[in-house]
Amino acid sequence: MIKTKNLSFSYLEYEEIEELNDDDRELLISAMKSAANAYAPYSEFMVGAAVRLESGTIVNGTNIENGAFPSGICAERSALAGAASNHPGDVPVALAVAAKNSNGFTGDPVSPCGNCRQVISEEENRNHKPVRIILGGKRNIRIINTASDLLPLCFKMESHGFTHR
Ligand SMILES: [Zn+2]
């Protein structure tokens, strides 16, 4: 018997950064500032990310490209790797992303790529804590309550027999 299953999710959209709450605005501004540190000589697309940890600590990341293209890393994973490496046990609760080129920040926000969605989702799963996603653009800002909304039915450790502690 075939059943049709439906998935839906809601997110918030803002027009002005001033409309965000203090924590979200601080995190997005931090992501925007860190975009200046990107190493993106090939795409000239500079992405900044900021992860807020449970303690309130903010860890930044940028995209770091490489002449061997697949060796580059996205800002989101760069930030999460830095956070996990330097602040073990202090779990991510929010992640902001902003991107710019020579014309300035994008009008519509950029969204994490598939690889990053997978990595953010595993952070949520292993910490049993949702990561709030804040995507900033000049025209609008999107807030998604949990990364798993961006990657439904995702591959999980449990899928190959492992369980999180
Ligand atoms: Zn990515």
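Details of the structure are given in the entry above.
J.: I'm lost on the overall build of the protein in this one. Help?
T.: Looking only at helices and strands, one finds 3 helices and 7 strands in the protein. Taken from the N to the C terminus, the helices and strands of the protein come in the order β-α-β-β-α-β-β-α-β-β. Here the protein has a C-alpha radius of gyration of 16 Å; the compact-globule value for 165 residues is 15 Å, and the two agree. Projected onto its principal axes, the C-alpha positions of the protein cover 55 × 35 × 35 Å. Considering the protein as a whole, with its 165 residues, one finds that 40% of them fall into the buried category. Of the contacts made within the protein by residues no fewer than 6 positions apart, 66% connect residues no fewer than 24 positions apart. As presented, the protein carries roughly 9400 Å² of accessible surface, and 51% of it is formed by carbon and sulfur atoms. Mean positive and mean negative side-chain charge positions of the protein (16 and 20 charges, respectively) differ by 5 Å.

J.: Looking at this structure, I do not really get the coordination of the zinc ion. What am I missing?
T.: Between any two of four tetrahedral donors, the ideal angle at the metal is 109.5 degrees; between two of six octahedral donors, it is 90 or 180 degrees. Donor atoms from the polypeptide that coordinate the zinc ion comprise Cys74 (SG), Cys113 (SG) and Cys116 (SG), at 2.2 to 2.4 Å from the metal. Spacing between the donor residues of the zinc ion along the chain follows C-x38-C-x2-C. One end of the pair, Cys74, is in the loop between strand S3 (58-62) and helix H2 (75-86); the other, Cys113, is in the loop between strand S5 (104-105) and helix H3 (114-127), and 39 residues separate them in sequence.

J.: I keep staring at a negative patch on the surface and nothing clicks. Help me out?
T.: Taken together, Glu15, Glu16, Glu18 and Glu19 make up a surface patch of like negative charges. Checked against the element boundaries, Glu15 lands in the loop between strand S1 (12-14) and helix H1 (22-34).

J.: I would appreciate a short explanation of the packing of aromatic side chains in the present structure.
T.: Two aromatic rings are characterised by how far apart their centres lie and by the angle between their planes. Tallying each qualifying case throughout the model produces 2 aromatic pairs. Centre to centre, the rings of Phe9 and Tyr11 are 5.8 Å apart; their planes meet at 35°, and the pair counts as tilted. A centroid spacing of 5.5 Å and a plane angle of 55° characterise the contact between Tyr42 and Phe69, whose relative ring orientation is tilted. Of this pair, Tyr42 sits in the loop between H1 and strand S2 (46-53) while Phe69 sits in the loop between S3 and H2, and the two are 27 residues apart along the sequence.

J.: What exactly am I supposed to notice about H2 here?
T.: Residue pairs three or four apart in sequence face the same way in an α-helix, which turns once every 3.6 residues. In a regular helix each residue adds 1.5 Å, so 12 residues correspond to 16 Å; H2 covers 16 Å between its end C-alpha atoms and thus fits that length. Buried within H2 are the following residues: Ala75, Glu76, Ser78, Ala79, Leu80, Gly82 and Ala83. Buried positions along H2 lie against S2, S3, strand S4 (92-101) and H3.

J.: Quick question: what am I supposed to make of the state of the cysteines here?
T.: A disulfide bridge is the covalent bond that connects two cysteines by way of their sulfur atoms. A complete count under the given rule lists 0 disulfides for this structure. A disulfide-free cysteine, Cys154 has its sulfur positioned 14 Å from the sulfur of Cys116, the nearest such atom. Judged by its relative accessible area of 14%, Cys154 falls in the buried class.

J.: Explain the nonpolar core here, please?
T.: Buried together is how nonpolar side chains tend to be arranged in soluble globular proteins. By size, the foremost hydrophobic cluster in this structure holds 20 residues, and its most contacted members are Val51, Leu95, Val97, Ile120 and Ile133. Residues in contact with Ile133, not counting those within four places in the same chain, are Leu95, Ile120, Arg142, Ile143, Ile144, Ala147 and Leu150. Core analysis: the next-biggest nonpolar cluster, separate from the first, contains 12 residues, Leu27, Ala50, Ala98 and Ile143 among them.

J.: What exactly am I supposed to notice about the side chain of Arg117 here?
T.: Looking at where Arg117 falls in the secondary structure, it is placed in helix H3. Glu76 provides the closest opposite charge to the buried, salt-bridge-free Arg117, at an N-O distance of 7.6 Å. Those residues in contact with Arg117 that lie beyond four places of it in its chain are Ser111, Pro112, Leu150 and Leu151.

Conventions adopted
The residue count restarts for each chain, going from 1 along the sequence in the order it is written. Reporting in this predicted model follows two pLDDT cut-offs: at least 70 for local features of residues, and 80 or more for side-chain atom pairs to be given and counted; totals over whole chains, interfaces and linings ignore these cut-offs and use all residues. To get the side-chain values, take all heavy atoms of the structure and skip hydrogens and water. Only DSSP runs of H or I reaching four residues or more are called helices, and only runs of E reaching two or more are called strands; each is numbered from the N terminus. We compute the radius of gyration from the C-alpha atoms alone; for a globule the expected value is 2.2 Å times N to the 0.38, where N is the number of residues. Relative accessibility under 20% of the residue-type maximum defines a buried residue, over 50% an exposed one, and the middle range a partly exposed one, all with a 1.4 Å probe and only protein chains included. Contacts are assigned to residue pairs that have any heavy atoms within 4.5 Å of one another. A 1.4 Å probe and the Shrake-Rupley method give the accessible areas. Residues count as covered only by the protein chains that appear here. For the purpose of counting charges, residues Lys and Arg are taken to be positive, whereas Asp and Glu are taken to be negative. His and the chain ends are not included. A single reference atom marks each charge: NZ on Lys, CZ on Arg, CG on Asp, CD on Glu. Donor criterion used throughout: N, O or S atom within 2.8 Å of the metal, extended to 3.2 Å for Na, K and Ca. Water excluded; incomplete-looking sites may result. Like charges within 9 Å and nonpolar side chains (Val, Leu, Ile, Met, Phe, Trp, Tyr) within 5 Å are joined into patches, using only residues over 30% in relative accessible area that form no salt bridge. Salt bridge, as applied in this entry: a Lys or Arg side-chain nitrogen positioned within 4 Å of an Asp or Glu carboxyl oxygen. Working definition: a ring pair exists when centres of Phe, Tyr or Trp rings (six-membered ring for Trp) sit within 6.5 Å. Plane angles under 30 degrees give stacked, over 60 give edge-to-face, the rest tilted. Expected helix span is computed as 1.5 Å times (number of residues minus one). What counts as a disulfide here is a pair of cysteine sulfur atoms lying within 2.5 Å. For this analysis, a nonpolar core means a set of buried residues of the types Ala, Val, Leu, Ile, Met, Phe, Trp, Tyr and Cys, connected via side-chain atoms within 4.5 Å.

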